[in-house]
Amino acid sequence: MQGFKGRFVKGSEPESVYWKRRGIVAGVVLALILLTVIGLNAFGGGGDEQDAGVEADAAQQEWTAPTPSSTAQRPYIPEPSESASESPSPTAAPVAACPAEELMLQVVAAFGEVRSGSEVPVSVLVASSADVPCTVDLRSVAVELAAGSDVVYSTAHCETPQGEEVELSDGAGQTVEFTVDGLASDEGCRGARRELPAGDYELRARLGDAVSSPAALKLT
(Lines give C-alpha, C1' and ligand atoms only; values in the text may rest on other atoms or scores of the structure.)
Protein backbone atom coordinates (compact mmCIF):
# COMPACT_ATOMS: atom_id res chain seq x y z
CA MET A 1 0.00 0.00 0.00
CA GLN A 2 2.71 2.42 0.84
CA GLY A 3 4.22 1.83 -2.58
CA PHE A 4 0.85 2.61 -4.26
CA LYS A 5 0.40 5.84 -2.25
CA GLY A 6 3.84 6.98 -3.16
CA ARG A 7 3.13 6.39 -6.75
CA PHE A 8 -0.13 8.42 -6.54
CA VAL A 9 1.58 11.40 -4.96
CA LYS A 10 4.32 11.35 -7.41
CA GLY A 11 1.78 11.14 -10.27
CA SER A 12 -0.19 14.26 -8.93
CA GLU A 13 -0.11 17.66 -10.65
CA PRO A 14 2.31 20.30 -9.45
CA GLU A 15 1.38 22.38 -6.38
CA SER A 16 1.28 25.62 -8.41
CA VAL A 17 -1.53 24.25 -10.54
CA TYR A 18 -3.48 23.39 -7.43
CA TRP A 19 -3.23 26.94 -6.05
CA LYS A 20 -4.17 28.39 -9.39
CA ARG A 21 -7.35 26.35 -9.44
CA ARG A 22 -8.21 27.44 -5.89
CA GLY A 23 -7.62 31.05 -6.91
CA ILE A 24 -9.98 30.72 -9.86
CA VAL A 25 -12.68 29.15 -7.70
CA ALA A 26 -12.30 31.89 -5.09
CA GLY A 27 -12.52 34.57 -7.81
CA VAL A 28 -15.71 33.05 -9.21
CA VAL A 29 -17.29 32.94 -5.75
CA LEU A 30 -16.30 36.56 -5.08
CA ALA A 31 -17.73 37.63 -8.44
CA LEU A 32 -21.02 35.89 -7.64
CA ILE A 33 -21.17 37.65 -4.29
CA LEU A 34 -20.57 41.07 -5.91
CA LEU A 35 -23.21 40.44 -8.55
CA THR A 36 -25.70 39.43 -5.88
CA VAL A 37 -25.04 42.57 -3.85
CA ILE A 38 -25.29 44.82 -6.93
CA GLY A 39 -28.55 43.16 -7.97
CA LEU A 40 -30.10 43.65 -4.54
CA ASN A 41 -29.07 47.31 -4.51
CA ALA A 42 -30.46 47.83 -7.97
CA PHE A 43 -33.74 46.18 -7.03
CA GLY A 44 -34.04 48.21 -3.83
CA GLY A 45 -33.11 51.48 -5.58
CA GLY A 46 -35.71 50.89 -8.30
CA GLY A 47 -38.36 50.45 -5.64
CA ASP A 48 -37.39 53.72 -3.98
CA GLU A 49 -37.50 55.54 -7.32
CA GLN A 50 -40.88 53.98 -8.10
CA ASP A 51 -42.23 55.02 -4.69
CA ALA A 52 -40.88 58.53 -5.25
CA GLY A 53 -42.57 58.67 -8.66
CA VAL A 54 -45.90 57.54 -7.16
CA GLU A 55 -45.64 60.14 -4.41
CA ALA A 56 -44.82 62.82 -7.00
CA ASP A 57 -47.84 61.84 -9.10
CA ALA A 58 -50.08 61.91 -6.02
CA ALA A 59 -48.75 65.32 -5.10
CA GLN A 60 -49.50 66.59 -8.60
CA GLN A 61 -53.02 65.12 -8.54
CA GLU A 62 -53.82 66.52 -5.10
CA TRP A 63 -56.12 69.58 -5.51
CA THR A 64 -55.23 72.79 -3.77
CA ALA A 65 -57.56 75.79 -3.46
CA PRO A 66 -56.48 78.66 -5.72
CA THR A 67 -55.08 81.69 -4.00
CA PRO A 68 -56.03 85.25 -5.00
CA SER A 69 -52.65 85.62 -6.71
CA SER A 70 -52.92 82.38 -8.65
CA THR A 71 -53.87 82.51 -12.31
CA ALA A 72 -56.89 80.33 -13.04
CA GLN A 73 -58.25 79.61 -16.46
CA ARG A 74 -61.88 80.69 -16.65
CA PRO A 75 -64.30 80.89 -19.56
CA TYR A 76 -64.55 84.38 -21.03
CA ILE A 77 -68.01 85.86 -20.63
CA PRO A 78 -68.35 89.28 -22.30
CA GLU A 79 -70.20 91.91 -20.31
CA PRO A 80 -73.41 93.09 -21.96
CA SER A 81 -73.17 96.51 -23.52
CA GLU A 82 -75.52 99.30 -22.54
CA SER A 83 -77.29 99.08 -25.88
CA ALA A 84 -77.94 95.35 -25.37
CA SER A 85 -78.99 95.54 -21.71
CA GLU A 86 -81.27 98.50 -22.19
CA SER A 87 -83.84 97.33 -24.68
CA PRO A 88 -85.99 100.12 -26.02
CA SER A 89 -89.43 100.19 -24.45
CA PRO A 90 -92.31 100.04 -26.88
CA THR A 91 -93.92 103.38 -27.53
CA ALA A 92 -97.54 103.43 -26.40
CA ALA A 93 -100.01 104.54 -29.01
CA PRO A 94 -101.53 107.95 -28.22
CA VAL A 95 -105.06 107.88 -26.80
CA ALA A 96 -107.55 109.67 -29.02
CA ALA A 97 -110.01 112.31 -27.82
CA CYS A 98 -113.49 111.09 -26.90
CA PRO A 99 -115.99 111.60 -29.74
CA ALA A 100 -118.82 113.96 -28.84
CA GLU A 101 -121.42 111.28 -29.56
CA GLU A 102 -119.75 108.97 -27.01
CA LEU A 103 -119.72 111.55 -24.19
CA MET A 104 -122.35 111.53 -21.47
CA LEU A 105 -122.89 114.69 -19.38
CA GLN A 106 -125.05 115.10 -16.30
CA VAL A 107 -125.64 118.39 -14.47
CA VAL A 108 -126.89 118.57 -10.88
CA ALA A 109 -127.68 121.80 -8.96
CA ALA A 110 -127.52 121.92 -5.18
CA PHE A 111 -130.85 123.80 -5.14
CA GLY A 112 -133.85 123.74 -7.42
CA GLU A 113 -135.00 127.21 -6.40
CA VAL A 114 -133.00 130.26 -5.30
CA ARG A 115 -133.27 134.04 -5.17
CA SER A 116 -132.03 135.85 -8.25
CA GLY A 117 -128.39 136.82 -7.87
CA SER A 118 -127.68 134.03 -5.33
CA GLU A 119 -124.88 131.53 -5.85
CA VAL A 120 -125.79 127.93 -6.65
CA PRO A 121 -123.21 125.06 -6.44
CA VAL A 122 -123.42 122.90 -9.55
CA SER A 123 -121.71 119.56 -10.32
CA VAL A 124 -121.15 118.17 -13.83
CA LEU A 125 -120.38 114.48 -14.35
CA VAL A 126 -118.47 113.61 -17.55
CA ALA A 127 -118.30 109.98 -18.73
CA SER A 128 -117.67 108.07 -21.98
CA SER A 129 -119.58 105.18 -23.50
CA ALA A 130 -116.76 104.31 -25.92
CA ASP A 131 -115.41 100.76 -25.96
CA VAL A 132 -111.80 101.97 -25.87
CA PRO A 133 -110.13 104.53 -23.58
CA CYS A 134 -110.27 108.14 -24.75
CA THR A 135 -109.29 111.54 -23.41
CA VAL A 136 -111.32 114.61 -22.54
CA ASP A 137 -110.26 118.10 -21.47
CA LEU A 138 -112.33 119.02 -18.42
CA ARG A 139 -111.33 122.68 -18.87
CA SER A 140 -113.70 122.77 -21.84
CA VAL A 141 -116.76 121.90 -19.72
CA ALA A 142 -119.18 124.81 -19.23
CA VAL A 143 -122.49 125.31 -17.41
CA GLU A 144 -125.21 127.34 -19.13
CA LEU A 145 -128.40 128.92 -17.89
CA ALA A 146 -131.01 129.37 -20.60
CA ALA A 147 -134.38 131.01 -20.84
CA GLY A 148 -136.04 129.17 -23.68
CA SER A 149 -133.55 129.19 -26.57
CA ASP A 150 -131.52 132.14 -25.23
CA VAL A 151 -128.36 131.47 -23.18
CA VAL A 152 -128.39 134.21 -20.51
CA TYR A 153 -125.45 132.92 -18.50
CA SER A 154 -122.44 130.66 -19.07
CA THR A 155 -119.42 129.82 -16.91
CA ALA A 156 -117.37 130.05 -20.12
CA HIS A 157 -118.08 133.79 -20.33
CA CYS A 158 -116.39 135.03 -17.18
CA GLU A 159 -114.96 132.13 -15.12
CA THR A 160 -111.49 130.63 -15.40
CA PRO A 161 -111.76 127.04 -16.69
CA GLN A 162 -111.14 124.38 -14.04
CA GLY A 163 -109.83 120.81 -14.41
CA GLU A 164 -107.34 119.05 -16.66
CA GLU A 165 -107.13 116.55 -19.51
CA VAL A 166 -108.09 113.08 -18.26
CA GLU A 167 -108.55 109.61 -19.70
CA LEU A 168 -111.94 107.95 -19.53
CA SER A 169 -112.48 104.21 -19.76
CA ASP A 170 -114.75 101.40 -18.54
CA GLY A 171 -117.65 103.78 -17.96
CA ALA A 172 -115.79 105.68 -15.22
CA GLY A 173 -116.56 109.41 -14.99
CA GLN A 174 -114.98 112.62 -13.82
CA THR A 175 -116.74 115.41 -11.90
CA VAL A 176 -116.21 119.14 -12.36
CA GLU A 177 -117.55 121.64 -9.79
CA PHE A 178 -118.97 125.10 -10.62
CA THR A 179 -120.74 127.99 -8.91
CA VAL A 180 -123.56 129.68 -10.80
CA ASP A 181 -124.12 133.21 -9.44
CA GLY A 182 -127.46 133.92 -11.12
CA LEU A 183 -126.22 137.06 -12.95
CA ALA A 184 -126.53 137.61 -16.68
CA SER A 185 -123.31 137.37 -18.72
CA ASP A 186 -122.17 137.89 -22.29
CA GLU A 187 -119.43 136.16 -24.28
CA GLY A 188 -116.03 137.49 -23.30
CA CYS A 189 -117.61 138.82 -20.09
CA ARG A 190 -118.45 142.07 -21.85
CA GLY A 191 -120.78 144.66 -20.33
CA ALA A 192 -122.23 145.06 -16.89
CA ARG A 193 -123.66 141.96 -15.25
CA ARG A 194 -127.25 142.28 -13.95
CA GLU A 195 -129.57 140.13 -11.92
CA LEU A 196 -131.74 137.82 -13.95
CA PRO A 197 -135.46 138.30 -13.66
CA ALA A 198 -137.44 135.78 -11.66
CA GLY A 199 -138.69 132.84 -13.63
CA ASP A 200 -138.01 129.26 -14.70
CA TYR A 201 -134.69 128.49 -16.31
CA GLU A 202 -132.91 125.47 -17.68
CA LEU A 203 -129.48 124.51 -16.39
CA ARG A 204 -127.33 122.37 -18.70
CA ALA A 205 -123.70 121.32 -19.17
CA ARG A 206 -121.80 121.55 -22.46
CA LEU A 207 -118.52 120.05 -23.69
CA GLY A 208 -117.93 120.91 -27.32
CA ASP A 209 -120.88 119.50 -29.23
CA ALA A 210 -121.94 117.27 -26.35
CA VAL A 211 -124.79 118.71 -24.22
CA SER A 212 -126.42 117.28 -21.11
CA SER A 213 -130.10 116.93 -20.45
CA PRO A 214 -131.44 120.13 -18.80
CA ALA A 215 -132.09 120.50 -15.08
CA ALA A 216 -134.73 122.93 -13.88
CA LEU A 217 -133.72 125.97 -11.83
CA LYS A 218 -136.27 128.52 -10.58
CA LEU A 219 -135.20 132.05 -9.72
CA THR A 220 -137.38 134.10 -7.38
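Whatever comes next refers back to the structure up there.
I will try to describe carefully the structure that is included in this document. Nothing here was measured: the structure is a model prediction, and the numbers come from that model. (Residues numbered from 1 in each chain as written. Predicted model: local features only at pLDDT ≥ 70, side-chain atom pairs only at ≥ 80, totals over all residues. Heavy atoms only, no water.)

1. Thoughts on the nonpolar core
1) Next: V122, V124, V126, V136, L145 and L203 are the most contacted members of the largest nonpolar core, which has 33 residues in total.
2) Next: Excluding its chain neighbours within four sequence positions, the residues that come into contact with V136 are C98, V126, E164, E165, V166, L168 and L207. (Core = buried A, V, L, I, M, F, W, Y, C linked by side-chain atoms within 4.5 Å. Buried < 20%, exposed > 50% of the residue type's maximum accessible area, 1.4 Å probe, protein only. Contact = heavy atoms within 4.5 Å.)

2. Here we look at the side chain of D181
1) Next: The residue D181 is located in the loop between β8 (173-180) and β9 (199-207) in this model.
2) Next: At a separation of 2.9 Å, a polar atom in the side chain of D181 contacts the side chain of R193.
3) Next: Setting aside anything within four residues of it in sequence, one finds D181 in contact with G117, S118, E119, Y153 and R193. (Helix = DSSP H or I, 4+ residues; strand = E, 2+ residues; numbered from the N terminus. Polar contact = N/O pair within 3.5 Å; in protein donor to acceptor, adjacent residues only side chain to side chain.)

3. As for the state of the cysteines
Each disulfide is one covalent bond, formed between the sulfur atoms of two cysteines.
1) Next: Under the counting rule described, the total for this entry stands at two disulfides.
2) Next: Disulfide pairing places C98 opposite C134 at an S-S distance of 1.9 Å. On the S-S bond that ties C98 to C134, the torsion sits near 90°, and the link is right-handed. Residue C98 is located in the loop between α3 (82-85) and β1 (103-109), and its partner C134 is located in strand β4 (residues 134-137); the two are separated by 36 residues in the primary sequence.
3) Next: The side chain of C158 participates in a disulfide bridge whose partner is C189; the two sulfur atoms lie 2.0 Å from each other. (Disulfide = S-S within 2.5 Å.)

4. Considering the pairing of strand β11 (residues 215-219)
1) Next: Going residue by residue along β11, you find A215, L217 and L219 tucked away on one face and A216 and K218 left uncovered on the opposite face.
2) Next: Alignment of strand β2 (residues 113-114) against β11, held across two bridges, turns out to be parallel. Bridge pairing links E113 to K218 in β11.
3) Next: By the bridge criterion, five bridges tie β9 to β11 in an arrangement that is antiparallel. Opposite E202, over in β11, you have A216 as the bridge partner. (Pairing = 2+ DSSP bridges.)

5. Re unusual backbone geometry
1) Next: Positive phi is not limited to glycine here, since C189 has a value of about 55°.
2) Next: Secondary-structure assignment places C189 in the loop between β8 and β9.

6. Some details on the environment of C98
1) Next: What makes C98 buried here is its relative accessible area of 12%.
2) Next: Along the backbone, C98 and D137 are 39 residues apart, and their C-alpha atoms lie at a distance of 9.4 Å.
3) Next: Setting aside residues up to four positions removed in sequence, C98 forms contacts with L103, S128, C134, T135, V136 and L168.

7. Description of the environment of P121
1) Next: Within the element layout of this structure, P121 appears in strand β3 (residues 120-128).
2) Next: Sequence separation between P121 and V108 is 13 residues, and the spatial gap between their C-alpha atoms is 8.7 Å.

8. Some details on the pattern of salt bridges
1) Next: According to the stated counting rule, one finds five salt bridges in the structure shown.
2) Next: As a salt-bridge pair, R204 and E144 come within 3.2 Å of each other at their nearest N and O atoms. Taken together, the positions of R204 in strand β9 and E144 in strand β5 (residues 141-147) put the pair 60 residues apart, joining distant regions of the chain.
3) Next: Since its relative accessible area comes to 14%, R204 is described here as buried.
4) Next: The network of salt bridges with shared partners includes E144, E202, R204 and R206. (Salt bridge = Lys/Arg side-chain N within 4 Å of Asp/Glu carboxyl O.)

9. Quick word on the sheet that holds β1
1) Next: The strand order across the open sheet formed by three strands is β1-β3-β8, and the pairing between neighbours is antiparallel. Looking at the sheet topology across the chains shown, the edges are occupied by β1 and β8. Across this sheet, the average inter-strand angle for adjacent strands is 20°, counted without regard to direction.
2) Next: Note: β1 against β3, seven bridges, orientation antiparallel. By the bridge assignment, L105 is partnered in β3 with V126. (Axes fitted to C-alpha atoms, helices over the stretch in contact; angles between N-to-C directions.)

So far we have only geometry, and geometry alone does not tell us how the molecule works.
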